[in-house]
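# Notes for the structure review
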Amino acid sequence: MLSDNVSRIVDARVGDPGAIAAAAIRRVKATSLFGDHGKAMIIAADHPARGANRVGDDATAMADRFELLDRLCTALERPGVTGVLATADILEDLLLLGVLDGKSVFGSMNRAGLAGSVFEIDDRFTGYDAETIAAMGFDGGKMLTRIALDDPATPSVLENTARAVDELNEHRLIAMVEPFLSSWQDGKIRNDLSPEAVITSITIASGLGRRSAYTWLKLPVVADMERVLASSTLPALLLGGEVKDPDAAFASWGKALKQPTAQGLVVGRSLLYPSNGDVAGAVDRAVSLL
């Protein structure tokens, strides 16, 4: 089945590139961002475009596109999964496979802050723009917004994020902002996951753009989430990150989801590459929290 799907994608890309736009027009759009459980359950797969292919000890786990697509298809067919977040190359593969009907779709917008690079904070917009997201009939765009007070590229990051928020607002599309307070440590960017740092990043991100009507936040689950999520009235989607202790992670997600601004989960590697290899089981467990 996997080889058949790959052949379908390659044949279309070689012989009929217009099939991608046609599939986007033909796609049955989601009637709601939420499932029957009342929350969003979005599968994230935009890591490879930033060169972040590592899962656990495997430095190239997400670089096998055939396997990634297979895992994505498994996740998207599970009951309660409402949508997907990815870059154009992956979303177009999924369109050609016809697995996005009834799902919300979010395009990843800035991917130039390559993992481990000296310019990682200078995260320019090299992926989707608001105009294309609207033309494809998608639901919104996501932007990673790392705020490094010791890096002079940060003002440009904030300016570009604000511009994307404005453009998405003009199309009445969700601007999913993922903020972190970050710093350089031993030549690498580290995100500060203390409650105080996450709160600071939220208050900064919430004020970006001329309007906030369509701004949502994508936030890590950290200690003291009741206080963290009280720092903004913007809807929040909780990110999973890379999980080392699944039981502890699922427990923390469930607790955070009880807060009034928490509208669901956006999870990638921990569901697509669970330690036991059971993608369907991991997804079903996440859905059960909703």
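Check the entry above for the structure.
To start, this report covers the structure provided alongside it. Just so we're clear, the structure is a prediction, and the values are computed from it rather than from any experiment.

### Some details on the packing of aromatic side chains
- Evaluated as defined, the whole model comprises three aromatic pairs.
- Ring centres of F250 and W253 lie 4.8 Å apart, and the angle between their planes is 55 degrees; on these two criteria the pair is classed as tilted. In this pair, F250 and W253 both sit in helix α9 (residues 246-256), three residues apart, roughly one turn of the helix. As far as burial versus exposure is concerned, F250 and W253 are alike and both buried.
- Taking the ring centre of F250 as reference, the NZ or CZ of R285 above it sits at 4.3 Å.

### Notes on the packing of α9 against helix α11 (residues 279-288)
- The interhelical angle for the contact between α9 and α11, taken along N-to-C directions, is 30 degrees, at an axis separation of 10 Å. In terms of orientation, α9 lies roughly parallel with respect to α11. On the side of α9, the interface is formed by P246, D247 and F250, while α11 contributes A282, R285 and A286.
- Considered class by class, the residues forming the contact of α9 with α11 number four nonpolar, no polar and two charged.

### Description of the packing of helix α2 (residues 19-26) against helix α4 (residues 88-97)
- Running from N to C, α2 and α4 point in directions that differ by 70 degrees, and their axes come no closer than 9 Å. With respect to α4, the axis of α2 lies roughly perpendicular. Of the two possible hands of crossing, α2 and α4 adopt the one that is left-handed. Along the contact surface, α2 presents A19, I20, A23 and A24, while α4 presents E92, L95 and L96.
- Partitioning the contact of α2 with α4 into residue classes produces six nonpolar, no polar and one charged.

The rules we used
Along each chain, numbering runs from 1 in the same order as the chain's sequence is written. At least 70 in pLDDT is required for a residue's local features to be given in this predicted model, at least 80 for side-chain atom pairs to be given and counted, and no such filter applies to totals for whole chains, interfaces and linings, which use all residues. Only hydrogens and water are set aside when side-chain values are computed; all heavy atoms of the structure are taken into account. Classification of ring pairs rests on two measures: the distance between centres of Phe, Tyr or Trp rings, Trp counted by its six-membered ring, which must be within 6.5 Å, and the angle between planes, read as stacked under 30 degrees, edge-to-face over 60 and tilted in between. Think of it this way: any DSSP run of H or I at least four residues long counts as a helix, any run of E at least two long counts as a strand, and we number them from the N terminus. When a residue's accessible area, from a 1.4 Å probe over protein chains only, is under 20% of the maximum for its type it is buried; when over 50% it is exposed; and in between it is partly exposed. Any Lys NZ or Arg CZ found within 6 Å of a ring centre and within 35 degrees of that ring's normal is scored as a charge over the ring. Angles here are taken between N-to-C directions and fall from 0 to 180 degrees, while the axes themselves are lines fitted to C-alpha atoms, restricted in helices to the stretch in contact. Roughly parallel covers angles under 35 degrees, roughly antiparallel covers those over 145, roughly perpendicular covers 65 to 115, and oblique covers all other angles. Any two residues whose heavy atoms approach within 4.5 Å at even a single point are treated as in contact. Classification used: nonpolar for Ala, Val, Leu, Ile, Met, Phe, Trp, Tyr, Cys and Pro, charged for Asp, Glu, Lys and Arg, polar for all others including Gly. What makes a crossing left-handed is the near helix being turned counterclockwise from the far one by less than a right angle; a clockwise turn instead makes it right-handed.

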